[in-house]
Amino acid sequence: MNTTTITTVVISNHGFAEKLLQPESNHHLLVSARAYQPGDIITNFGSSEIHKQPSKYTVQVANDQHIILSPEFLQYINHSCNPNVFFNTSTMELTALQPITPGDEFTFFYPSTEWDMAEPFNCLCGSANCLGVIKGAKNIAPAVLDTYKLTNFIQQKRMQLKD
Ligand SMILES: [Zn+2]
């Protein structure tokens, strides 16, 4: 973390999480209201819609299945190359990967669920292992991908990649 002060506004409270907005950048984020240890189940989730094509807000569960998360506020969990949560799309549980304390931003590794992303972006997560441009698991070297917790779907796709 750097020491820059960024203004945030609480948009909504969801019990275990708060949705925040950084007005200057119009950037939304979800922060934890509770403490978690690795492996803890933070919440169950489901899908309100299933789309054939990915979008910025969908999570991939199969080749042509991209879900809109329910509860919807989970879509404001941003990407990090050093994530602290994982969307397990087999058990439909959001789990902690690292110790989380109240006020920490929830982040997940988009390529842990996304094979080939609709909207690649330049990652600014600032972690030492930042991968730079994030385009989905398909575009990450298998040896690097293997250092992350991946959904069963992405693991199956990964097995089709050469080492
Ligand atoms: Zn990054």
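Residues numbered from 1 in each chain as written. Predicted model: local features only at pLDDT ≥ 70, side-chain atom pairs only at ≥ 80, totals over all residues. Heavy atoms only, no water.

Undergrad: Which residues make up the pattern of salt bridges, and what values do they have?
TA: Scanning all chains against the criterion turns up two salt bridges. In this structure, Lys138 engages Asp116 in a salt bridge whose closest nitrogen and oxygen atoms are separated by 3.5 Å. Of this pair, Lys138 sits in the loop between strand 13 (133-134) and helix 1 (142-145) while Asp116 sits in the loop between strand 11 (107-108) and strand 12 (121-122); the two residues are 22 residues apart in sequence, bridging distant segments of the chain. (Salt bridge = Lys/Arg side-chain N within 4 Å of Asp/Glu carboxyl O. Helix = DSSP H or I, 4+ residues; strand = E, 2+ residues; numbered from the N terminus.)

Undergrad: Please give an account of the side chain of Gln60 that cites residues and values.
TA: Among the secondary structure elements, Gln60 is positioned in strand 6 (residues 58-62). With relative accessibility at 5%, the residue Gln60 sits in the buried group. Here Trp115 takes part through its backbone nitrogen, which lies 2.9 Å from a polar atom of the side chain of Gln60. (Buried < 20%, exposed > 50% of the residue type's maximum accessible area, 1.4 Å probe, protein only. Polar contact = N/O pair within 3.5 Å; in protein donor to acceptor, adjacent residues only side chain to side chain.)

Undergrad: Requested: an account of the coordination of the zinc ion, with residues and values cited.
TA: Protein coordination at the zinc ion: the donors are Cys81 (SG), Cys123 (SG), Cys125 (SG) and Cys130 (SG), at 2.3 to 2.4 Å from the metal. Considering all four donor atoms around the zinc ion, angles at the metal cover 104 to 112° and the coordination shape is tetrahedral. Counting along the primary sequence, the residues that act as donors to the zinc ion give the motif C-x41-C-x1-C-x4-C. In this pair, Cys81 sits in the loop between strand 8 (78-79) and strand 9 (85-88) while Cys123 sits in the loop between strand 12 and strand 13, placing the two residues 42 residues apart along the sequence. This pair shows no difference in class: Cys81 is buried, exactly as Cys123 is. (Donors = N, O, S within 2.8 Å, 3.2 Å for Na, K, Ca; no water. Tetrahedral: all angles 85-135°; square planar, octahedral: opposite > 155°, others 65-115°.)

Undergrad: Pulling in residues and values, what's your account of the sheet that holds strand 5 (residues 46-51)?
TA: Reading across from one edge, 5-7-6 is the order of the three strands in this open sheet, with antiparallel pairing throughout. Each edge of the open sheet carries a strand with a single partner, namely strand 5 and strand 6. Strand after strand, the sheet turns through a mean of 40° between neighbouring axes, direction not considered. Examined bridge by bridge, strand 5 and strand 7 (residues 65-70) share five bridges and lie antiparallel to one another. Following the sheet pairing, Glu49 is matched in strand 7 by Ile68. (Pairing = 2+ DSSP bridges. Axes fitted to C-alpha atoms, helices over the stretch in contact; angles between N-to-C directions.)

Undergrad: Go over the packing of aromatic side chains, please, and point to the residues and values.
TA: By the definition in use, this model includes nine aromatic pairs. Here the aromatic residues Phe45, Phe87, Phe108, Tyr110 and Phe121 are joined through ring pairs into a cluster of three or more. (Phe/Tyr/Trp six-rings, centres within 6.5 Å; stacked < 30°, edge-to-face > 60°.)

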